[in-house]
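Secondary and tertiary structure notes
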Amino acid sequence: MTDNCIECDVAIIGSGFAGSLIAKELSQTPPIRGNRLRVVVLEAGAGVQPNINDYLKRFYTASIKVPESPYPPALTEPNGKLIGPANIAAGRPTSRTLSHSSWKDLKQAYLDQTDSKLPFKSTYERLAGGTSHWLGQTPRLVPHDFQMSMYRKDLPDWPINYKTLSPYYDKAEAELGVSGDVEEQSFCDISFSKGYTYPMPRIPPSVFDQDASNALAQLTADETNFLGMGKPVTALRLRSLPAARNSQPYRNRRACAGNTNCIPICPIQAKYDPTITLSEATNGGAKLIDHAVANEILVENNLVSGINFITYKGDAGPQTGTGCIKAKVYVIAANGIETPRLLLMSKNGGRTPNGVANSSDMVGRNLMDHPQYVTWGLLPPSSKPAYPYRGPLITSAIGDLCDGPFRATRAAFRVSFGNEGWNFVVGGGAFGADPHVTTLDFVNGMNSSRLNTRAVSQLASDNSALFGAGLAETLRDLISRQFRIAFACEQDPDPINRVTLSTVTDALNLPRPKIAYDISDYTKQGIVTAVRLKRLIFKKLGATKLDFTERAAGDPAGFDEKIDDQLEQLTYGGAGHVMGTYRMGDPKTSVVDSWQRSHDHQNLYLVGSGTFPTVGTANPTLTLSALALRTAENIVAFFKSHA
Amino acid sequence: MRELPKQRHDDRSDATRLEPESFVSRRRMLAGTVATTAAAAVAPIAGAAYAAGPDVSSPQDMMAFLLLSAALAGVHVVNLAPEFSQDIKKDILDQDPGVDPINVKNDYFRWINAHDSTSSFGKLLQIAKDNRQSGINIIAAVNASDDSAKFLARSIVLLWYLGSWYEPADLKANAATPGTRAVTPSVVVSSKAYTQGLVWQIVGAHPMGYSNLQFGYWSRDPNDPNDAVQNSNFGVITATIP
């Protein structure tokens, strides 16, 4: 470390949800003994843009529209050639490198997954605002999600419960701007503070949500017995999902206009993203340094004494220099893979050979996601169309099945109903996205969508190649009947699923993350139950014979399970939820306490969904935001008590 | 489709789909009309523009391009050229295609001229000129033409529908075995092209990431009276030109 380090009170590594929220809270804290807290945020990637026009243009002109499409660094050279991860300064996993030919190829994929049995399929961004490509759903965890030992003795409880976290959920919902309805969200023992209302009214359900609600309103207990809820289930209720998406103007941002593009970018910023909070933090005095990759946390006498970082230019480097930052309190907010990577890289000249904050040996372990079983079909010609490609990507879900005695033996799941038709599912994703794939099929006599058969299209022949009104009518009929339903499953923690350091490096010569990953039988049994529920839902929608769910050839996430004596070819997708890799709990078996403070180093906080000991089924962002706001309070208290 | 009764749209060009009896009668009637008109229109057309290659600044070539595109895509000319308004006293080729603020038709004309490796664009425009009274006849003539023209015609439909360019040669390769499942490479012509894709409008939706609709529209069917008229997809699909 050089002598001319940046000095401040709080150094935050990472400017995503957790980092931005903490930066804003601290920078807006009234002076403590006459001094405002000086906050510096390091961001590995690009800074906050003056507007999102460049990102939108990247998205519009991308021939493959995937979550990372709008965001830097560029994925390909202008000639279309993939830029390898060894040539990118602050790289990231991408959905384009999850195919059977690329996921274990270290020249293509950023993550070294050579030791994974099944692929870790989630991706993330590294730029100011972090997870700006998120969907925006903000359900709370349910109370039993914090106490999984009641179902399985081998699972850890959280060191904090729903009741303690509840006021921070309120605060996070205000910060993110959540639209929701208290009555609708009062299920599975979720309760709200007295008189609480969400900041905005709920997002209204889509046409398909309404149709599916009607179809599932009357069931028999026999039909749903397989769910193992321990009580008769005679209806499945679709509930409007709470979302950080404006249902009316909120904090100078517009109401949602249903652009059907929450992932990867809302063109009108009606969906919250952390650049909003980040700008408030910098307006409040926090300093953001972008293109700065933290590469070592320095420890002296059990306290963090500084953090070294590398600066670079452009997307891919070159390195332009090094720097260091000295603070009283350090917050690592670099997500569930980059945070353990940084901790493990920090060896302090051999004094911390297993990395920083790692006396428990739990840093990097228990990597979890919400593996998603995704299904898609057509409504029958006799039904009213689903009218997809309209409204936010998801507006409703079935949450009520996410808790029950079945959790002793299989994973829970939530069921989401898509408003984006077959945009990311057609043909198992092997041939591109809809409406492009189906359009191409009927123009060119192909059948990637499997819709171009007489039985489905009701045309005179298979593999029709059409022009004119016949083409337009066929596409309108088929595409307006498309629907998608996904089952996001709980994953149980397993120390073998872990992040370590690879021998391969990025453009700054830092070791890339190495991932070992697999899906347990517990999670697979959750997916098996999801298959049974899919069959019931499709039946009620009249779509049993119009089920187009398939596993693409060579899908590396494929696994087979016997269901009712039939071998089913199954697979899963990533939810983008990177969790569990520096969990909270007791000092022997975890990395941080309920304040997300390191057991080993009193002035080090590790924030984000990496602290989740178990993951329930709720999208993690709201919970990690609530935890971050609680951490901010703890940091303020620290400064108030330490003159 | 209760909300989008077929009677609200014009006939479809192919007689392949099973239709109610009354609808079939209407098609036969229309087909009869078309045949008469086509017969009356058989007259030599000056081939000068064809010889010189398609010219984006020639109103005749642009009108031929619009007629070709409308026929192949099954939409009204006005969906491709919003400022076009027909003067029924003049020959369709002598009319003003109009200029609109987006003017994607000019971008596409130029793009095809620049990227047509089959040298069939002139031929397709000539087919449109020769059959300018009948979309059905344009389609029949394209289908009867050689592979170069036919696959370029498919590229042109995909361009209007998706704003993306698929090379005719790639389409031909993937069409060799009917029912192929394959990736077909494509490039997005521009941000404007993506946001002007017609397929979204045809299916009652909007390009993902580009909507002019207002909060809550998704809880109602397309073409709800509460939604703005300009976003309606009623009347987009047609088999008749212009």
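Residues numbered from 1 in each chain as written. Chains lettered and ligands numbered in written order. Predicted model: local features only at pLDDT ≥ 70, side-chain atom pairs only at ≥ 80, totals over all residues.

1. Details of the overall build of chain B
Summing up its helical and strand segments, chain B has 11 helices and 2 strands in all. For chain B, the sequential pattern of α-helices and β-strands runs α-α-α-α-α-α-α-α-β-α-β-α-α. For chain B, with 242 residues in total, the buried portion stands at 45%. Intrachain contacts of chain B at a sequence separation of at least 6 include 64% that bridge at least 24 residues. (Helix = DSSP H or I, 4+ residues; strand = E, 2+ residues; numbered from the N terminus. Buried ≥ 20, exposed ≤ 12 C-beta atoms within 10 Å, placed from the backbone. Contact = placed C-beta atoms within 7 Å.)

2. What to know about the environment of Arg140(A)
Residues and elements named next belong to chain A. As for its position among the elements, Arg 140 is in the loop between α2 (53–61) and α3 (162–176). Distance in space between the C-alpha atoms of Arg 140 and Ala 626 is 9.8 Å, their sequence separation being 486 residues. For Arg 140, the residues in contact, after removing those within four places along its chain, are Tyr 169, Ile 190, Ala 618 and Leu 622.

3. A closer look at the interface of chain B and chain A
Interface size is commonly expressed as the accessible surface area that is lost when the partners come together. Each partner contributes to the interface: chain B provides 63 residues, whereas chain A provides 60 residues. Looking at the side of chain B that touches chain A, the elements that each hand over two or more residues are α3 (59–73), α7 (135–144), α8 (147–162), α9 (168–175), β2 (187–188), α10 (191–195) and α11 (198–202) of chain B. For the side of chain B that touches chain A, the leading source of residues is α8(B), giving 5 residues. Per-class residue counts for the side of chain B that touches chain A are 34 nonpolar, 20 polar and 9 charged. (Nonpolar A, V, L, I, M, F, W, Y, C, P; charged D, E, K, R; others polar.)

4. As for the sheet that holds strand β1 (residues 6–7) of chain A
Note on sheets: strands pair through backbone hydrogen bonds, and any given pair is parallel or antiparallel. Residues and elements named next belong to chain A. The sheet built from 4 strands is open, its strands ordered β1-β8-β7-β6 with mixed pairing. The sheet is open, and its two borders are formed by β1 and β6 (292–300), each paired with just one other strand. Note that β1 and strand β8 (residues 319–326) share 2 bridges and pair parallel. Bridge pairing in β8 links Glu 7 to Lys 326. (Pairing = 2+ DSSP bridges.)

5. Notes on helix α11 (residues 468–479) of chain A
Residue and element names in this part refer to chain A. Between its first and last C-alpha, α11 extends 17 Å over 12 residues, near the 16 Å set by a 1.5 Å rise per residue. Most of α11 sits out of view: 12 of its 12 residues are buried. Turning to α11, its buried residues number three or more, namely Gly 468, Ala 469, Gly 470, Leu 471, Ala 472, Glu 473, Thr 474, Leu 475, Arg 476, Asp 477, Leu 478 and Ile 479. (Expected span 1.5 Å × (residues − 1).)

6. Describing the sheet that holds strand β10 (residues 372–378) of chain A
All names here are of chain A. Ordered by their spatial adjacency, 5 strands build an open sheet running β4-β11-β12-β13-β10, and the pairing between neighbours is antiparallel. Each edge of the open sheet carries a strand with a single partner, namely β4 (239–240) and β10. The pairing of strand β11 (residues 394–398) with strand β12 (residues 413–418) spans 4 bridges and is antiparallel. Bridge pairing links Ile 394 to Gly 418 in β12.

7. Here we look at the packing of helix α6 (residues 121–130) of chain B against α8(B)
Residues and elements named next belong to chain B. Interaxial distance between α6 and α8 falls to 9 Å at its minimum, and their mutual angle equals 80°. The orientation of α6 with respect to α8, classified from their angle, is roughly perpendicular. Contacts between α6 and α8 involve Phe 121, Lys 123 and Leu 124 from the former and Ala 149, Leu 152 and Ala 153 from the latter. Its residues assigned to classes, the contact of α6 with α8 shows 5 nonpolar, no polar and 1 charged. (Axes fitted to C-alpha atoms, helices over the stretch in contact; angles between N-to-C directions. Parallel < 35°, antiparallel > 145°, perpendicular 65-115°, else oblique.)

8. With respect to the domain arrangement of chain A
All names here are of chain A. Domain boundaries assigned for chain A yield domain 1 (1–180 + 266–369 + 494–518 + 578–643) and domain 2 (208–241 + 372–490 + 520–570). Spacing between the C-alpha centres of domain 1 and domain 2 amounts to 33 Å. Each partner contributes to the interface: domain 1 provides 17 residues, whereas domain 2 provides 19 residues. Its residues assigned to classes, the side of domain 1 that touches domain 2 shows 8 nonpolar, 5 polar and 4 charged. (Domains from an automatic or database assignment.)

9. Side note on unusual backbone geometry
Residue and element names in this part refer to chain A. For the bond running from Pro 72 to Pro 73, omega is 0°, close enough to zero to count as cis. The omega angle of the peptide bond from Ile 263 to Pro 264 is 10°, so this bond is cis rather than trans. Mapped onto the elements of the fold, Pro 264 is located in the loop between β4 and α7 (275–283). Of note, Asn 463 is a non-glycine position whose phi angle comes to about 50°, a positive value.

10. Structural notes on the pairing of β12(A)
Residue and element names in this part refer to chain A. In terms of burial, β12 is a largely internal element, 6 of the 6 residues being buried. Of the two faces of β12, the one holding Phe 413, Val 415 and Phe 417 and the one holding Arg 414, Ser 416 and Gly 418 are both buried throughout. Strand direction decides the pairing type here: β12 and strand β13 (residues 482–489), joined by 5 bridges, are antiparallel. Across the sheet, residue Ser 416 finds its bridge partner in β13, namely Ala 486.

11. Thoughts on the nonpolar core
Residues Ile13(A), Ile22(A), Val331(A) and Leu67(B) are the most contacted members of the largest nonpolar core, which totals 230 residues. When residues are assigned to domains, this core turns out to be shared by domain 1 (1–180 + 266–369 + 494–518 + 578–643) and domain 2 (208–241 + 372–490 + 520–570) of chain A, each giving three or more. Beyond its immediate sequence surroundings of up to four residues, Ile13(A) is in contact with Leu42(A), Ala294(A), Ile307(A), Val331(A), Ile332(A), Ala333(A), Ala334(A) and Leu342(A). Membership of the second largest hydrophobic core comes to 18 residues, among which are Tyr110(A), Met368(A), Met579(A) and Val615(A). (Core = buried A, V, L, I, M, F, W, Y, C linked by C-beta atoms within 7 Å.)

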